[in-house]
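Results of the structural survey
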Amino acid sequence: AAKPASMPSSWISALGGGALIGAAAVLLLLTHGRIAGISGVIGSLLPPLPSDRGWRLAFVAGLALAGLGTALIAPSAIGASVRSSTAVVIAGLLVGFGTRLGGGCTSGHGVCGLSRLSARSLVAVAIFMTTGAATAMIAGAS
C-alpha cells in the first residue's frame, strides 16, 4: 500500500498556533465579553482602567510567557530575525501607528472581526494584506 503523504511540520506548527490563537480569542470573548485585539489590550494598559487591569495584564503576560516558553523548548520554531534590531523597532513603531490609524490590529480585525463577519474588518484585513505584500516586495523579503 502507498504511504500517505505527510504534512510538513511547519504546517502542523502553524495549524496548532492558529488553533491556540482562536481558542484564546473565544475564551476571552466568552469570559470577559472582550475582543482579543492585541493593540487594544496593550494600548488600554496605559492608563489602565482598574476593572480592566487584571485580565489585560494576564493576557499580555500569557503572550510573553508563550513566546519565552517556545524559545526555551523549541528555539528552532522561532528562528532569528532577518532584519536588524533597528529595522525591527522601526517596523514595530509603524505597526503600532497603523493599528491606531486603522482602528485595530490583525488579531482584532483578522481573527475576531472576520469571524464576526464585520465588513469593517474585511476592509481592514484587505488593506493589511495588500500593504504587507507590497512592503515585502519593495523590501525584498523572501
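Let me begin by describing the structure that accompanies this report. What you are looking at is a predicted structure, and each value in this text was computed from that prediction instead of being measured.

Because the α-helix completes a turn every 3.6 residues, residues three or four places apart line up on one side. Compared with an ideal rise of 1.5 Å per residue, which puts 21 residues at 30 Å, helix α3 (residues 53-73) spans 30 Å between its outermost C-alpha atoms and is within 8% of the ideal. Regarding α3, the residues found buried are Trp55, Arg56 and Phe59. Down the axis, α3 shows its buried residues gathered within 120° of arc, on one side only. Projecting away from the buried face of α3 at angles above 90 degrees are the exposed residues Leu65 and Leu72. In the core, the buried residues of α3 are packed alongside α1 (9-32) and α2 (38-43).

Turning next to helix α6 (residues 119-139). The end-to-end C-alpha separation of α6 is 30 Å, in line with the 30 Å expected for 21 residues at 1.5 Å each. Taken together, the buried positions of α6 are occupied by Ser121, Ala124 and Val125. Taken end-on, α6 shows its buried residues confined to a sector of 100°, consistent with a single buried face. Exposed residues lying more than 90 degrees from the buried face of α6 are Ala119, Leu122, Val123, Thr130, Met137 and Ile138. On its buried face, α6 sits against α5 (106-115). In the segment just after α6, Gly140 is the residue with positive phi, at about 75°.

The subject of this paragraph is a nonpolar patch on the surface. Where nonpolar side chains cluster on the molecular surface, the patch consists of Leu65, Leu68, Leu72 and Ile73 and spans about 490 Å² of accessible area. The exposure class assigned to Leu72 is exposed, which follows from its relative accessible area of 67%.

Once that is clear, we can look at the pattern of salt bridges. Under the definition given, this model contains 2 salt bridges. In this structure, the salt-bridge partner of Arg34 is Asp52, at a minimum N-O distance of 3.0 Å. Of this pair, Arg34 sits in the loop between α1 and α2 while Asp52 is found in the loop between α2 and α3, placing the two residues 18 residues apart along the sequence. Accessibility expressed as a relative area gives 32% for Arg34, which makes it partly exposed.

We now examine the nonpolar core. Membership of the largest hydrophobic core is limited to 7 residues, which are Ala25, Leu28, Ala36, Val41, Trp55, Phe59 and Cys112. Among the elements of the structure, α1 and α3 are those that each provide at least two residues to this core.

On to the packing of α5 against α6. Packing of α5 against α6 brings their axes to within 9 Å, and their N-to-C directions diverge by 130°. One element, α5, and the other, α6, form an angle in the oblique class. For α5 against α6, the interelement crossing comes out left-handed. Residues Thr106, His109, Gly110, Gly113 and Leu114 of α5 touch α6, and the partners they reach there are Arg120, Ser121, Leu122, Ala124, Val125 and Phe128. Among the residues making up the contact of α5 with α6, the classes are represented as 5 nonpolar, 5 polar and 1 charged.

Criteria and cut-off values
Residues numbered from 1 in each chain as written. Predicted model: local features only at pLDDT ≥ 70, side-chain atom pairs only at ≥ 80, totals over all residues. Heavy atoms only, no water. Helix = DSSP H or I, 4+ residues; strand = E, 2+ residues; numbered from the N terminus. Expected span 1.5 Å × (residues − 1). Buried < 20%, exposed > 50% of the residue type's maximum accessible area, 1.4 Å probe, protein only. Arc of directions from axis to C-beta. Contact = heavy atoms within 4.5 Å. Patch = residues over 30% accessible without salt bridge, like charges linked within 9 Å, V, L, I, M, F, W, Y side chains within 5 Å. Areas by Shrake-Rupley, 256 points an atom, 1.4 Å probe, with all protein chains shown as cover. Salt bridge = Lys/Arg side-chain N within 4 Å of Asp/Glu carboxyl O. Core = buried A, V, L, I, M, F, W, Y, C linked by side-chain atoms within 4.5 Å. Axes fitted to C-alpha atoms, helices over the stretch in contact; angles between N-to-C directions. Parallel < 35°, antiparallel > 145°, perpendicular 65-115°, else oblique. Left-handed = near helix turned anticlockwise from the far one by under 90°. Nonpolar A, V, L, I, M, F, W, Y, C, P; charged D, E, K, R; others polar.

Honestly, that's just the spatial picture; any functional story needs more than this.
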